[in-house]
Amino acid sequence: MKHETDDDKRIEALIRSAGRRPTIPAADLDALRETADLHWQRLVAAERRRKRRAQTAYALAASLAVALIGAGWWLDRDAPAGAAPERVVVATTDSGEALPSGTRLDVDAPVAVRTAGGSSVRLDRGTSLRLVSRTRLELDRGAVYVDSGPSSAEGTALEIRTPSGVVREIGTQYEVRILAEAVIVRVREGRVALDRQGPTEFAGRGESLTIRHDGTVERGTVSPSGPEWSWVLDLAPAFALEGRTLDLYLDWIARETGWRVSYADEALARSARTIQLHGTIQGLRPDESLDVVLPGARLDHRVEGDTVWIFRSDS
């Protein structure tokens, strides 16, 4: 049996003298529960994405094991007679595994690699693609998304060969997707050229090209932040948040989501270059991370069409 000490008695008397605390209003309790539930959902979603990426890495490793076994055949097939096959590294996986020219990727789950030239290349589920060289990819089925960065280095621009023609980038973000009845090219940023029999077709930001098997080309429009790009966000490269400034973080958000960033006032736009951020957004999609990052800087956001507005949370 525990004996009550003088300290215990003094603490008990102090608590009693404080009286009953007022009851928390029901609305506040509901808000607390909603916030806790939202935070829990984010934690669960982040853990699911972590597991999915681990499974994707395993699937990619398995596909690479098969692809690399036959890499010598692919390399020799493309080499001119009497020439040594090109065995340069074309790309690397997230885990740092080198992918030489000739590697074929057949993926059951979305994966991301980075080319030797620095481009982010993301493959949707069910995609079959061959790394021909540092600047050439061959897409047999599925979809590939390319982000060559705000400014591509000279001589690193990619071309993607498809059954309907060759898609050449001119410093951009774009998707090439093979369907049963056509090949679709969607441009999120920058410009691409489609080389085929006949005149070269060009497409810029927010435009799409649908190339039918009979050679006809249909032009259309696509929102840079529309649902067509959702699968790309799941494969976005990680952003090291700790110690970075708000403007750098929002530049990354804009590039990954297709949103244009606008500030509520000029003073906030200027201060974005000095506001330092802390923490980590590991496991969160770029669009999800805003709900975690901005409150720490006493900021909030609102999405209107292709624009995300940033404003002070007390305004």
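Look up: the structure comes first, before these words.
Residues numbered from 1 in each chain as written. Predicted model: local features only at pLDDT ≥ 70, side-chain atom pairs only at ≥ 80, totals over all residues. Heavy atoms only, no water.

So, about the packing of helix 5 (residues 246-257) against helix 7 (residues 286-293). Running from N to C, helix 5 and helix 7 cross one another at 150°; their axes reach a closest spacing of 9 Å. Here helix 5 lies roughly antiparallel to helix 7, going by the angle between them. In this structure, helix 5 uses Tyr249, Leu250, Trp252, Ile253, Glu256 and Thr257 to contact helix 7, whose residues at the interface are Pro286, Asp287, Ser289, Leu290 and Val293. For the contact of helix 5 with helix 7, the residue count by class is 7 nonpolar, 2 polar and 2 charged. (Axes fitted to C-alpha atoms, helices over the stretch in contact; angles between N-to-C directions. Helix = DSSP H or I, 4+ residues; strand = E, 2+ residues; numbered from the N terminus. Parallel < 35°, antiparallel > 145°, perpendicular 65-115°, else oblique. Contact = heavy atoms within 4.5 Å. Nonpolar A, V, L, I, M, F, W, Y, C, P; charged D, E, K, R; others polar.)

As a further point, take the sheet that holds strand 18 (residues 307-312). One open sheet holds the 3 strands; their spatial order is 16-18-17, and the pairing between them is mixed. Taken across any chain shown, the strands that pair with only one partner, and hence form the sheet edges, are strand 16 (260-263) and strand 17 (299-304). Here the strands of the sheet are splayed against their neighbours by 25° on average, with no regard to which way each runs. (Pairing = 2+ DSSP bridges.)

The next point concerns the pattern of salt bridges. Counted under the stated rule, the structure contains 18 salt bridges. Here Arg130 and Glu138 are joined by a salt bridge, their closest N and O atoms 3.2 Å apart. Among the salt bridges present, the one from Arg136 reaches Glu159, with a minimum N-O distance of 3.2 Å. One end of the pair, Arg136, is in strand 7 (residues 136-147); the other, Glu159, is in strand 8 (residues 159-162), and 23 residues separate them in sequence. A relative accessible area of 18% means that Glu159 is categorised as buried. By sharing partners, the salt bridges in this structure join Asp124, Glu175, Arg177 and Arg186 into a single network. (Salt bridge = Lys/Arg side-chain N within 4 Å of Asp/Glu carboxyl O. Buried < 20%, exposed > 50% of the residue type's maximum accessible area, 1.4 Å probe, protein only.)

Right, let's get into the packing of aromatic side chains. Counted under the stated rule, the structure contains 4 aromatic pairs. Pairwise contacts between aromatic rings join Phe239, Tyr249 and Trp252 into one cluster. (Phe/Tyr/Trp six-rings, centres within 6.5 Å; stacked < 30°, edge-to-face > 60°.)

Moving on to the nonpolar core. By size, the foremost hydrophobic cluster in this structure holds 29 residues, and its most contacted members are Val121, Leu123, Val144, Ile160, Tyr174 and Val176. Element by element, the count of residues in this core is highest for strand 7, at 4 residues. Not counting chain neighbours up to four residues away, the residues in contact with Val144 comprise Val121, Arg122, Leu123, Leu129, Leu139, Ile160, Tyr174, Glu175, Val176 and Trp231. Among the nonpolar cores identified, the runner-up in size contains 22 residues, and Leu250, Leu268, Leu294 and Val308 belong to it. (Core = buried A, V, L, I, M, F, W, Y, C linked by side-chain atoms within 4.5 Å.)

Take the pairing of strand 1 (residues 89-93) next. Bridge analysis of strand 1 against strand 2 (residues 98-100) gives 3 bridges, and the strand direction is antiparallel. Residue pairing for strand 2: Ala91 is matched across the bridge by Leu99. Linking two consecutive strands that pair antiparallel, namely strand 1 and strand 2, is a turn of 4 residues; a positive phi of about 90° is found at Gly96 within it. The pairing of strand 1 with strand 4 (residues 111-115) spans 3 bridges and is antiparallel. Residue pairing for strand 4: Ala91 is matched across the bridge by Thr115.

The next thing to look at is the pairing of strand 5 (residues 120-123). Look at any regular strand and the pattern is simple: side chains alternate between the two faces of the sheet. Along strand 5, one buried face is formed by Ser120 and Arg122 and the opposite face, lined by Val121 and Leu123, is buried too. Judged from the 4 bridges that link them, strand 4 and strand 5 form a sheet pairing that is antiparallel. Bridging across to strand 5, Val111 finds its partner in Leu123. Hairpin connection between strand 4 and strand 5: a loop of 4 residues separates the two successive antiparallel strands, and Gly118 in this loop has a positive phi of roughly 100°. By the bridge criterion, 4 bridges tie strand 5 to strand 7 in an arrangement that is antiparallel. Counterpart to Ser120 in the pairing with strand 7 is Asp147.

Another point: helix 5. Between its first and last C-alpha atoms helix 5 spans 16 Å; for 12 residues at 1.5 Å apiece the expected length is 16 Å, and the two agree. Burial analysis of helix 5 places 9 of its 12 residues in the buried class, the great majority of the element. Within the sequence span of helix 5, burial applies to Leu246, Asp247, Tyr249, Leu250, Trp252, Ile253, Arg255, Glu256 and Thr257. Note on helix 5: the residue one or two positions beyond its end, Gly258, has a positive phi of about 85°. (Expected span 1.5 Å × (residues − 1).)

It is worth spelling out the environment of Ser128 at this point. Of note, Ser128 is situated in strand 6 (residues 127-133). Counting along the chain gives 15 residues from Ser128 to Ala143, while the straight-line C-alpha distance between them is 8.4 Å. Apart from residues no more than four positions distant in its own chain, Ser128 is found in contact with Arg104, Leu105, Asp106, Glu138, Leu139, Asp140 and Arg141. Side-chain polar atoms of Ser128 contact the side chain of Arg104, separated by 3.2 Å. (Polar contact = N/O pair within 3.5 Å; in protein donor to acceptor, adjacent residues only side chain to side chain.)

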